[in-house]
Each structure stands twice: as structure tokens, then as C-alpha cells.
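Per-entry structural report
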Amino acid sequence: MPEQSEVIKALRCWLRAFVFLCQISLPMLGICQQLPLHYYSQEDGLRNLGVTTLVRQANGYIWVGTENGLFRYDGAHFQRFDISDETGALYIAALHVDASDRLWVGTLKGLYQLQGQRLAPMQFKNAELAFHWGQVFAQLGPDRLLALSNNTIWQITSADGGVTWQARQFFSPEQLLQHPEMQALHSLHVGPKGDLWMGCDHSLCHYDQGKLVVLGKNDGLPAKQWGALLHDRQGTLWLRGEKQVFALPADTRLFLNRSPPQDEQKKQERVPLLAEDHNGMMLSQQDSGLIRWDGRNWQSFAEANGLTVGDGISAILEGGDNGLWLGSAGRGLIHWLGYPDWENWTSRQGLPHNIVWSFLRDQAGRLHVGTRSGSAVLQKTGGFSVLQGRYGGSSHEWISMVEDGKGRAWATTLSGTLVRREPGATQDTVIAKLPVSNGIFFDRSGQLWLNTQRGLYVIRHPDVSSLPLQVTEISSVTGAKDVNVFHGCQSASGVLWFVSDKGLLRFDGKQWSNPRFAGNRSPRGEPNTVACSSKGNLWLASLDAGLWRATEQDGTLEIRDITPSQLQRQSVLALLEDSRGWLWVSSDAGVAVWNRNQWRFFNQQSGMIWNDSNTDALYEDRDGSIWVGTSNGASHILQPESLFLPLSLKVLVESITGDGQQLPPDKPIRLPWTSGALNFRFAALSFQNHEAIAFHYRMKGLEQKWSQTATPEVRYSALPPGSYRLQVTAENVAMQASSPIVEIDIVILAPWWQTTVFYYVCGVLLLLVPFLLQRNRIRRLLARQRLKERLARERAYELEQSREEERKHLTREIHDELGQYLSAMRMGVSVIGIEFGEKNPALQGKVQRQVSLVDSTIKIVRNIVSALRPAALDMGMVPALEWLANEFSENTGIPCTLLVDEKTIVLDEKRATTFFRIVQESLTNIGRHAQASLVEIRLNRKDTQYLLEVRDNGKGFDPLQRKKNSFGLTGIRERAFMLDGSVDIVSAPGAGTTIQVQIPVEDAGNGK
């Protein structure tokens, strides 16, 4: 038994060695194709061309990580997302989209997560994460992310649906100590069974159900650093190191060497890449471009195919129906259009000329391509070469090629030379020289028809005689035999149809005719090409008038215009109905195809080599693929059925701005009215024929009709207040696809002058207007009345002042003049009495009486002077009031008390006179009417008012019952009003009377 075990071990070792030696250098096939590539650079908005990583979200956005920032591409423009100004934070090392379509961003300085329109830093108490390029993220489950940072795998989880996140080390210290290889980790990958694969040190580590296994030499793996890991759809595990590629098929234990040739794997420090396209082929990179595993060999795509990658490919993103995306170090983002359904060839891949006219697949399986400079054959290596013995070399334009039932190839040049090559021959045989050729074809009877610019020719029995004969019978319907015959075909019923400069010609095998069109509805313009349908219809087209379907019934043709919108105003150059019954139309703007249900349109944006196709340059290969000749090379559609796969088109509202404010695009909008504009930016996240996308929109509540724009921006200025709903949908005209309608509810609040409250206030004001007008009228009347009263007071004050001045003047005149005269008179009378009275006693008595009379007169004069203006006024307010009080007491016998705060009383002359006259009038009224036994006078100051109060304990009266001729109280009021003062009279029968007077300290308008 031990010997048998040793033998088994030896056999295993020999088997491994044999497999390794057989696979140590797999051949590399250079694919001779011209790749349809589009390069994105700074002019497109990608401001940094050092692409480091690519990822695509489920909603369709493509994220581009670069050496200086993160960019998002929506098919129309790149938007930069700022992270941090910290050194190293702008270098995007890795991107990952988790199961919930969250975007994770790893930089040299930390981990970030896209939240709305910003990148939020993810900070953890127990971990400081930093990332380097490579495969450093893996999805372990919902809300469970694995991140490789500084040779440590962290498990980042959320228990609340992504609101908060926690980080912890995935492996325990004990597990790491048991496997030293885990101290240096290069990549991580979660397999289809939820198991974890890691590039560890120079081995491969596998962790499943708590068990960690290290794979290496005994499993067929060399000691290398494995930086890229991937399971394909067949369950095979692929590993990529710096130069080697190994694969472990499902349910096997031995890795297979799938390494590409090492002559294109020389560059150091390159990030290993692995990706799987949607056909299941594995993609990786080489020094000069891209490599693809087709199941047996690696295919190479490099500069010879038009792929320029700068310092190499740094990222690969499989885009599904949107082609293939490549990131390069120095050349930006590269889009392989139409991948993998379109193939293209130009003169760089061996075509004699880029102008391609015709195709033919011969019975030996070789594809012949006719060009402006001769024809060539597609070799197994993928390139074209010219057959030995080809007629004319590169000096003739091979306009048309067909094959007969015996495998003989017939061809005609534009100049009219007809040649033939027998199977196995090495030379072409010249058959005839005809006028300028438009094309040739065989009918089902084996006759060869030749369309020329000077008549129609036919070889009726090619096996017997190869001499072309001119069909002169057509002159019976055309009037001439040298007509320009553009194209011909044979219908399912055997009828031959030709289009010429004399119209449409019909030959039923016996008779030529010009068909009649039902209702005299003939095609607009001159048809230049025709195709016969398997269902008996005819397809007609012209260079400038469109496309028609004609059906023959009862000797007439019923014609119907079927020109799709994309072919309007385009020149149709070729028609082809293939074996599927699909109609192919080539034009100067691309190729259209109708599968009898819908149209689709293809051009350079779809993967076609060139938009401008050539006349009759449509060809169906034996496998159903389609060849298209253009003025810049040949295009090959490998799987036409894939062209009609359902196209997922959806529209997103990327951003909404109003008055410079960013609004959330996923929530209803509620804004106050403004004269500014609302700006909406859309994105249709489909990158196939993106130039054909148009947006249809309307603001429901503002407009009923839909508007259309090719620009993904809409602006509404100064929306009126109200409730609206923006509706938008995207349409890809080329792909005949539309997106669901996206709606956004918008509420514009009314400005304050359009609110209900404002209208209510206006209504109230309207109701109040009559009242307000009346009140205003009354106020104006009162103001006028007050003005009149003020003027009257001023006038009265002026009059009073004038009277007061007059009293002063009279007082002085009486006192000075009359007083002097009376004094002189008394002295004179007294002198007379002294001189003559002793001698004449009778005279003495008379003199004495005259002296007494003069004395009485002087006393009366003094009383008059005091009445006009008491002399006490000239001594001050207090003495004047004391004099009045004393006079009142002496004359009436009623005690009168005077209380004055002399420190606060400083009166000017007009106020002093006013107070004096008011007290004087008050005392006069008390003496006449009050029957009082006590009078009290108070004068003081309070703030800016002088307060005078005259109080008695007399019989009182009712102030509301005014007596006629009560001039005393009226005078008191007028005197106070003249100085903007006020008077209050408080009295009641039997309760005495109080007169209260307030007069401002200063006149209105004067400073303090």
C-alpha cells in the first residue's frame, strides 16, 4: 500500500508538470479589427485623464475615479464631486457599489459614501481607513461591506438600514497568528457561495464557514501576488497577478495556467484587472492594450486596432448594451462602442481601400470584399489580403460580386469589366467589357443579369456561353435600349423588377412592361434601388424622396410610404431583405433596420465604422450576420438579433435649482413665489446612440402640450402661484425606445399681495373706505376748525397783548402825566390857602374843600391805574398774587390763602400776565357769586406744565348748565388756550368750585 501511494503521488506530480508545460505560454491572437472607440478628455469635462477605477450604479450613472477627483458621467456631461482638499484625498483608489446601490469611495486618506449630492466621510472610533489601488472592496451581504485597508480586512456593517455604520476587524488575532500569509493582503473577493477569497502574500487564501485554507504550489498555483480575483458565470475562479493568469474551473482542485504571452506583460507595478463581458469572455490588460479570452486563446487589441491607452489600461467596466468602458492612465475614459456586436475593418487591417462596395462569401468559406482599389479576402488571422492573380490589382473598383451554383465567383468593376474565377483557380478570367456597371445578380433560373448605365445585359446560360447579350426588348416600354439600369431583383413569384432612369420595369419571363400605380400614386422622385420581399412585396427607395412598400394586385402596384422619421431627408443607398424577413436600409447617415415590428437606427455612435454607407453595399452572410460597406471601411454586425434586445431607458431629474438654491430632486417642491427661474436638469442613462435622445416635457397646470428638447435642461421663469406637476420622459429615436414618465409636484406659494389674508384685509379696507373717508373729512374739518381756533387764539392773544400794552401805556400816562397835574394842582391850591386864607376865612374853607377834592381825584386815579395794571406785576408773579389776595380779603372780608413754590416758578411776562388775569377773574367771580368763606390759591410746576388752582368753599354750581353772559369763565378759558393751555372747572352745587389751569412752561416748538 505505501508503494501504491507513492506511485499515485508521483503520477500527480507528473500530471501537474505536464499541464503546466503545455499551458506555460498560450498563443496570443492579434485581432485585426478597427475598434469603434470614443475617447473622453478635458474637452468633455473629464478634467483629469489619469483614470484609476470605474464603476456603474444600478440607476445607470458611470463613476470615474481619477488621480485628481471623482467624476460622474450621465451620457451628456461629466460632473465633478469634491471630496476634500487634504493631500491624497483627491486620489481615488477604489470605487464600489453595494447591494443597495450605495457608492463607496476609497482614497489614500479615507473612506467616503455618496449621500445625496455630497461625499460624506465615514469615520469610525476604532479604525482609520486608507486605501490603495486594487480590489479592496467586496460585498458580504446586505449592509455588510468588506474593505481591505493597510493589510487588514474590516467588516463595515449597519444595523439601521444604512443610517449609521460600524467597523470591526473581520479576522481575530488568533486566526491571523495561525496563518502568517494573512499579514500581507493584496485583494479580496466574495464568491457565489458567500465564501471569501483573498490574495495573501504569495498565495491564495480561502475562508469558508469559519475555516481558512491557504492555496499554493500543491494546487497548481505559483508563488505570486494575486491582485485580481473573479468568478465567471460558469463558476470558474480566475486569478490575475502582475503577469500571470490562472483559472480554477468549478468542482476541480487544480488551477489551470491561462497566462498570456509574456512579451506584452513586462511593465511593473501595474494594477491587475479581470472583468467578464456579457458573452462570458474574460477581459484583462496587457502593456499596450486589452486582451480577451475566447475560451481557447487570448485575443489582443492594441494600437493596431486604434486603441491607444497611454501608460496602460487601469480599469475595465462591462457596460451591457452600452458597450465596454476602459480607463487609461493618461488617455482618460475610453468607450468601445457597440461591443461586442460590431466588428470593423479599414485599410489598417489590410483592406485595399477604405471605400467598400461589395461582399461575397464563397463556397470555400472565404469572405471577399470589393473596394475602390480592388478586392481582398478575410484571412483566419483576422486581416485581409489580396488573392494571387486578382484581375487589375488595385486599379479597379469592384462594384459587385456574386456566385453561381457551381461555386464560380463573378464580379464586375465600375468600369464595366466582367471577370470570373473558377473554384481552385489562381487567376481571374475576363469575360467581357461592358458599359459602366451598376451591379449584377443571378435569378433563380441561373441567368446572370448585368445592370449598366447604358442598358441591361444578360448571360442566359453561363454554363454554355459567357457572352453577355443586351436586352433590347426593354425599348418597347422605355423607348430606348441604352437606359441607365440602377438595380434589379427577383420576387417570390419569379417576376424580375428593375429600377432605371425610365422608371420601374417589370419582366414576367415573357413580356416587359411599365407597371401602373393604383390611384396614380407613384413614388416621389426617381427610385434608385429595389429589393424583392419573400412575401411578394417590393421595397423601393430614392436618393432624396424616401422609402416605399409596393404590392402588386391585378396588374397594378399599390404603393405606401413607409419612410421612418430618421430617414427623412436622408439619401437611401441600398436595400436588403434578409432571411429573417427584416428590411435593411443603408443611407448617408447610417443603417436602419426594420424587423416588421419596429425600426432601429445605427451609426458611429452604435459601433459602426462610418456613417456614410455605399450603394448596394449590404450583404447577408451565411450565418445571418450583416456586412455594411462604407466610405471609410467595412462593418460587420455579428448577431443582428441583439440589435432588437429591449433597451432599458429611464430618465432621472439630476438637479433642481431655484434662485441659486439647490433643491432635492426626489421630493415635492414647495417654494415662495419669486421672479427668478426654476432650472431642471435631466439625465437619460442610456449610452447607446445617446445623441438620438430627446426629452419631452410639460408643466401640467401651466401648459397642455408637450415640448421637446435635445438639451437635458429646462428653465421656467417666474411661475405663477399655484400647484403644478412637471412631467418628463426621454425618447431614443434611433432605438425606438421611451422611458416612463417622471413626475415632480411643485407648489408655488402666492406672494403676500395675492394671499387670502391680503384679500380679506382688502375687503375689510373696502368696507372701511366710506368710514375712513368720512373720518378723514371730519378730521380735516376739525383740523380746519382747530386752525381757525388757533388763529383766533393767536389773534385774541395779539389783541390781549395789544390791550395789555395799551393798559401799561395808559397806566404810565395816567400815573405820570395826570398824577403830576393833580399833584401840581393840589400844591397850587394849598399855596393859595396859605397866602390868602388867613385874610379871608371864607376862601380858606373853599381851598380846603378843593384840596380834599384833588386828594379824592388822586386816589381815584391810583385805583384806575391799579385796575389797569397793578404795580405789583412789575415786582414779580408772587408779589402780584399776594397783592391780589390781600386786596380780595380787604374788599370782601373773605380769607384768601396763597401757596406758591417760588423755586420752580420762573414766568415770562405773557405767562405771568395770563396767570394774574385768571386769578383776578376767578377772585372777582368768587366775590360776586360764590358766597364762600375761604379761598385758596396754588401755583406750582409739574414737569413741563405750570399748574394753577383756585379753590373756594362756596355754594358751587353745575358746570354743564352754562348761564348766559358768563363771560368770566369764558375769558379764563380763552386766556389759557392762547398759550396752548387747558382749563378744568370742577364744581357741584353746595360743594364749592375749583378752577384748574395748566399752561406749558414753553411755547410749542421751542427747546427746553
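Source: prediction; values computed, not measured.

What follows concerns the pattern of salt bridges. A complete count under the given rule lists 25 salt bridges for this structure. Among the ionic contacts, a cluster of salt bridges with common partners joins Arg 72, Glu 654, Arg 681 and Glu 713.

In this section: the confidence of the model for the protein. Segments scoring low in pLDDT should not have their predicted coordinates read at a detailed level. Across the protein, the average pLDDT comes to 87, with 92% of residues at or above 70. Every residue in residues 1–5 is under pLDDT 50, and counting partners more than four places away or in other chains gives zero contacts.

Let us now look at the state of the cysteines. Simply put, disulfide is the name for a covalent bond between the sulfur atoms of two cysteines. Under the defined criterion, the tally for this structure stands at two disulfides. Each sulfur of the disulfide joining Cys 200 and Cys 205 lies 1.9 Å from the other. Its S-S torsion of about 90° marks the bond between Cys 200 and Cys 205 as right-handed, since a negative value means left-handed. Here the two residues Cys 200 and Cys 205 agree in accessibility, since each one is buried. A disulfide bridge connects Cys 489 with Cys 532, and the sulfur atoms are separated by 2.0 Å. As the torsion about the S-S bond is roughly 70°, the Cys 489-Cys 532 disulfide counts as right-handed.

Moving on: helix α6 (residues 877–892). For α6, with 16 residues, the first-to-last C-alpha span of 22 Å sits near the 22 Å given by 1.5 Å per residue. For α6, the complete set of buried residues consists of Met 877, Val 878, Ala 880, Leu 881, Leu 884, Ala 885 and Phe 888. The buried side chains of α6 occupy one side of the element, clustering within an arc of 165° when seen end-on. At its buried positions, α6 is contacted by β69 (896–900), α7 (909–930) and β70 (935–942). Phi for Gly 893, located one or two positions after α6, is positive at around 75°.

Between Tyr 339 and Pro 340 the backbone carries a cis peptide bond, its omega angle lying at -5°. Along the chain, Pro 340 falls in the loop between β29 (332–336) and β30 (342–345). Positive phi, normally seen in glycine, also occurs at Asp 201, with a value near 50°. Mapped onto the elements of the fold, Asp 201 is located in the loop between β16 (196–200) and β17 (203–208).

Criteria and thresholds
- Residues numbered from 1 in each chain as written.
- Predicted model: local features only at pLDDT ≥ 70, side-chain atom pairs only at ≥ 80, totals over all residues.
- Heavy atoms only, no water.
- Salt bridge = Lys/Arg side-chain N within 4 Å of Asp/Glu carboxyl O.
- pLDDT = per-residue confidence, 0-100.
- Contact = heavy atoms within 4.5 Å.
- Disulfide = S-S within 2.5 Å.
- Buried < 20%, exposed > 50% of the residue type's maximum accessible area, 1.4 Å probe, protein only.
- Helix = DSSP H or I, 4+ residues; strand = E, 2+ residues; numbered from the N terminus.
- Expected span 1.5 Å × (residues − 1).
- Arc of directions from axis to C-beta.

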